[in-house]
Amino acid sequence: MDAAVIVVGAGPAGMMLAGELRLAGADVIVLERLDARTGESRGLGFTARTMEVFDQRGLLSRFGDIETSNVGHFGGLPVDFGVLEGAHQAAKTVPQSATETVLEEWARGLGADIRRGHEVLSVTGKEDSVEVEVRGPAGVATLRAEYLVGCDGGRSTVRKAAGFDFPGTASTMEMFLADVKGIKLEPRMIGETLPGGMVMVGPLPGGITRLIVCERGTPPQRREKPPTWDEVAAAWQRLTGDDISHAEPVWVSSFGDATRQAAEYRRGRVLLAGDAAHIHLPAGGQGMNTSIQDAVNLGWKLGAVVRGRAPEALLDTYHAERHPVGRRLLMNTQAQGLLFLSGAEVQPLRDVLSELIVYPEVARHFAAMVSGLEIRYDLDGGSHPLLGRRMPDVALTGHKLLRRTTDALRAGRGVLFDLADNAELRRRAALWRGSVDLVSARPQEPAENSTLADTTAVLVRPDGYVAWAAPGSHGDLPMALERWFGPAV
């Protein structure tokens, strides 16, 4: 084997996955067709859940000063994300180029082998491996790994070569995205519709302005290269009447409203993550964030399997857990598209939703949906309110090193929080010390954290989701440990 895992694609999903695999002790090669990062930033900022994920891995400080905000939207309708108590605020102005840089440096620092200028030509599945034909600087070669993961975007070569079905709907229109300099425009929020479509204006650091131009009735085009700035400026003038052709484009791109999802996220030894598994209308910055979370769900599982610590069946939980998340992502982005891309015929619906969204419970529902905080995996293990949900960031007392529950997840391992100083519990879990850290501590203020106030123990997976909690989980602790971390050693 050239590596335990080959990852195709060096975008946010691929880099996050490479880092997670290295934390799990798996050797990984990342193949990227491009010689260098493009510098483009389709994705912008992080949702609250991705902020938590980066915090769990100790990555937030690498992004420097992050501008955060509780102000968000659903289809252009304002949503106050402050209703989500105990959650990070969303990051608003971190460009995708910066995210890719940070994640690549992190993955390289952990030992990932990242090879740029390597294009995948074909994929051949074997009984015990996957072979990948690659064209690189030294010519064409064949690499072999136990598993292959396609993180290579919406036009994924891996997905096509491995025969994954990709059902859904094709684009019905073409839209433009551009970052420009040398122009001052009043901010325009998504949702401010015009007779012929919708435009958005948002200020970015460094004197850059982001523009989105959505002109109804524009047929989709399959472009081999980005649109010209003249095309974008002309569409802007048709919609607004203003001439912005004198602005200096930093980069220009186009996108559509195609909505597709792979029918399965795993076929034998080939898996998909990120845009290779799901494409949709960009709405609320969810695409990159969901892709990163795909990688975090898959990384520890795949690492455990290739290291022989867990059975191969653990990989089936990746599709079972993340496919419903992707399906819900497609649903909510389609709904948002109807709200901010349609014409006057949808205004009554906007008006009704505007009335409803001011109610805290409704606002909480929409905010949790687009931030990724609503996710609850169906673990079929009991009634504890945290089961299958993300572990909240709770202040701890009684531990020499750890001050917060989030700190315990830095190493990307499972964590058993013993909140009641139960020596027998720790004894039973000791046989899994190779995969699970034991933390004996107490919540600092349990009265203010009702989900932990009456909880004596919590088993948290490496991706930050609760796999077992007491009291309230079906089955005993060893059963849960074996399910998620393999047999005792």
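Residues numbered from 1 in each chain as written. Predicted model: local features only at pLDDT ≥ 70, side-chain atom pairs only at ≥ 80, totals over all residues. Heavy atoms only, no water.

Caption draft 1: A look at the nonpolar core. Judged by nonpolar contacts, the single largest core of 93 residues is most densely connected at Met16, Phe54, Val149 and Leu459. Tallying contributions element by element places helix H6 (residues 286-306) first for this core, with 10 residues. Residues contacting methionine 16, with those up to four places away along its chain left out, are Val53, Phe54, Arg57, Leu59, Leu103, Trp106, Ile292, Ala295 and Val296. (Core = buried A, V, L, I, M, F, W, Y, C linked by side-chain atoms within 4.5 Å. Buried < 20%, exposed > 50% of the residue type's maximum accessible area, 1.4 Å probe, protein only. Helix = DSSP H or I, 4+ residues; strand = E, 2+ residues; numbered from the N terminus. Contact = heavy atoms within 4.5 Å.)

Caption draft 2: Up close: the sheet that holds strand E21 (residues 278-279). Spatially, 3 strands are ordered E12-E18-E21 in an open sheet, and the strand pairing comes out antiparallel. Taken across any chain shown, the strands that pair with only one partner, and hence form the sheet edges, are strand E12 (168-169) and E21. Across 2 bridges, the pairing between E12 and strand E18 (residues 259-261) is antiparallel. By the bridge assignment for E18, glycine 168 is matched with arginine 260. Helix H7 (residues 316-341) contacts E12, E18 and E21 of the sheet and is inclined by roughly 175° relative to E18. (Pairing = 2+ DSSP bridges. Axes fitted to C-alpha atoms, helices over the stretch in contact; angles between N-to-C directions.)

Caption draft 3: A look at a nonpolar patch on the surface. Nonpolar side chains collect at one region of the surface, where Val352, Leu356, Val358 and Tyr359 lie side by side and expose about 400 Å² of accessible area between them. Tracing the backbone through its elements, the reader meets valine 352 in helix H8 (residues 347-356). (Patch = residues over 30% accessible without salt bridge, like charges linked within 9 Å, V, L, I, M, F, W, Y side chains within 5 Å. Areas by Shrake-Rupley, 256 points an atom, 1.4 Å probe, with all protein chains shown as cover. Salt bridge = Lys/Arg side-chain N within 4 Å of Asp/Glu carboxyl O.)

Caption draft 4: How the structure looks around the environment of leucine 477. Here leucine 477 lies in helix H12 (residues 477-485). In the structure, leucine 477 is positioned 350 residues away from glutamate 127 in sequence and 34 Å away in space, judged by C-alpha atoms. The residues touching leucine 477, leaving out its near neighbours within four places in the chain, are Leu416, Leu425, Arg428, Ala429, Leu459 and Trp468.

Caption draft 5: The arrangement of the pairing of strand E11 (residues 139-150) in detail. Relative to E11, strand E1 (residues 3-8) runs parallel, the two being bridged by 5 bridges. Each residue of the ladder has a partner; that of valine 8, found in E11, is glycine 150. In terms of strand pairing, strand E10 (residues 130-136) meets E11 through 7 bridges, oriented antiparallel. Each residue of the ladder has a partner; that of arginine 135, found in E11, is valine 140. The turn joining E10 and E11, which pair antiparallel and follow one another in sequence, is formed by 2 residues. Direction of pairing for E11 relative to strand E20 (residues 270-272): parallel, over a ladder of 3 bridges. Directly across from valine 149, in E20, lies its bridge partner leucine 271.

Caption draft 6: Just the packing of helix H2 (residues 48-56) against H6, in detail. At a minimum axis separation of 9 Å, H2 and H6 run at an interaxial angle of 40°. Considered as vectors, H2 and H6 are oriented oblique to each other. The handedness of the crossing between H2 and H6 comes out as left-handed. Contacts from Arg49, Thr50, Val53 and Phe54 in H2 reach Asn289, Ile292, Gln293 and Val296 in H6. Broken down by class, the residue content of the contact of H2 with H6 amounts to 4 nonpolar, 3 polar and 1 charged. (Parallel < 35°, antiparallel > 145°, perpendicular 65-115°, else oblique. Left-handed = near helix turned anticlockwise from the far one by under 90°. Nonpolar A, V, L, I, M, F, W, Y, C, P; charged D, E, K, R; others polar.)

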